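Spelled out, the chains give:
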Amino acid sequence: MSDLKQTLKEQIIEQLNLEDLTPSDIQDDAPLFGEGLGLDSIDALEFIVLLEQNYGIRIADPSEGKEIFQSVNSLAAYIEKNK
Amino acid sequence: MKLTGNCKISKNGVFLDGEFQKQLQPVDENWKKEIYSKLAIDYPKFHKMDALAKMAFLSVEILTTVSNIDKFKDSEIALIFANNSSSQNSDLKYIHSYNVKGSPSPSLFVYTLPNILTGELAIRHKWYGENCFFIEEKFDVEFFLEQVKFYFKKGAKTCLCGWVNSFEDIEECLVFNIENKGTNDTILKEQLLTLYNQ
């Protein structure tokens, strides 16, 4: 699981073009949207692409996104459950 | 018209009102993040910005620590920015995202217009007056002053201007504030050219 979280952080930085950041700048439980990384609805689209391209997971119900994309922890848990 | 403040940043350092800011001197390649950290700003959106917006953001953050621009109503502040590379860096990254990586990146697409940086500044400082971004062949003092005069006629009391470029190995940003008082144009032009060439 910790390997997955590390990989996810690297993929988030790559996919969202957060060039300045390193994986260590992203806390496992920090909110990705709003306060934490300051992400917004545009970035939610990037997360959907990230899940499809890297894990073959398609989010059928967009309303689930808020919960899934809450943090690296929640994202990793969703991938583990659905891969 | 009078020059009331300026800030110039590059990988070589920060100059505020012509004075080198030793405490903000970056030492590594990731110099924009380094200056951001040294300023102790908490604005996560900074990390999402492209290089153009980051440089404009940092320059204005530094300038506003000493300028009196906040004495004006936001509607009295005009933003006039220009460069000669438009948003080419972001444009190329966006093209790469769909040509090579397989899907167009929404977060890159946002920055495929250079005037996004004026929007970032407006959001950050709640400056809701006029703003514009021009593509010019080179830093042209005459052009800036023409625009400043135009916005003063339209009711602006102060113009925050900027020349900001990011393309290939060039990364430069000069922001300067001009108020509608005092100094004659000839002196002002000389001051601005000196700043640009500093």
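Residues numbered from 1 in each chain as written. Chains lettered and ligands numbered in written order. Predicted model: local features only at pLDDT ≥ 70, side-chain atom pairs only at ≥ 80, totals over all residues. Heavy atoms only, no water.

(A) Spotlight on the sheet that holds strand β1 (residues 2-10) of chain B. All names here are of chain B. Pairing is mixed across the open sheet formed by seven strands, whose spatial order is β3-β2-β1-β7-β6-β4-β5. Both edges of this open sheet fall to β3 (19-20) and β5 (131-135), since each of them pairs with a single strand only. In the packing of helix α6 (residues 141-153) onto the sheet, contacts are made with β4 (77-83), β5, β6 (158-167) and β7 (170-179), and the angle to β6 comes to roughly 145°. (Pairing = 2+ DSSP bridges. Helix = DSSP H or I, 4+ residues; strand = E, 2+ residues; numbered from the N terminus. Contact = heavy atoms within 4.5 Å. Axes fitted to C-alpha atoms, helices over the stretch in contact; angles between N-to-C directions.)

(B) View of the packing of aromatic side chains. All names here are of chain B. Counting across every chain of the model gives 15 aromatic pairs over all chains. Ring geometry for Y36 and F46: centres 4.3 Å apart, planes at 5°, overall stacked. Of this pair, Y36 sits in helix α1 (residues 31-39) while F46 sits in the loop between α1 and α2 (51-63), and the two are ten residues apart along the sequence. Assessed through its relative accessible area of 0%, F46 is described here as buried. The interplanar angle of 75° and the centroid separation of 5.3 Å between the aromatic rings of Y94 and Y98 together place this pair among those described as edge-to-face. Of this pair, Y94 and Y98 both sit in helix α3 (residues 88-99), separated by four residues, roughly a single helical turn. (Phe/Tyr/Trp six-rings, centres within 6.5 Å; stacked < 30°, edge-to-face > 60°. Buried < 20%, exposed > 50% of the residue type's maximum accessible area, 1.4 Å probe, protein only.)

(C) Spotlight on helix α7 (residues 185-197) of chain B. All names here are of chain B. Compared with an ideal rise of 1.5 Å per residue, which puts 13 residues at 18 Å, α7 spans 18 Å between its outermost C-alpha atoms and is within 8% of the ideal. Along α7, the residues classified as buried are L188, L192 and L195. Projected onto a plane normal to the axis of α7, the buried residues spread over an arc of 60° and lie on a single side. Residues of α7 that are exposed and point more than 90 degrees away from the buried face comprise T186, E190, T194 and N197. Looking at the buried positions of α7, the neighbouring elements they touch are β1, α6 and β7. For α7, the capping residue at the N-terminal end is N184, with a side-chain oxygen 3.0 Å from the backbone nitrogen of T186. (Expected span 1.5 Å × (residues − 1). Arc of directions from axis to C-beta. Polar contact = N/O pair within 3.5 Å; in protein donor to acceptor, adjacent residues only side chain to side chain.)

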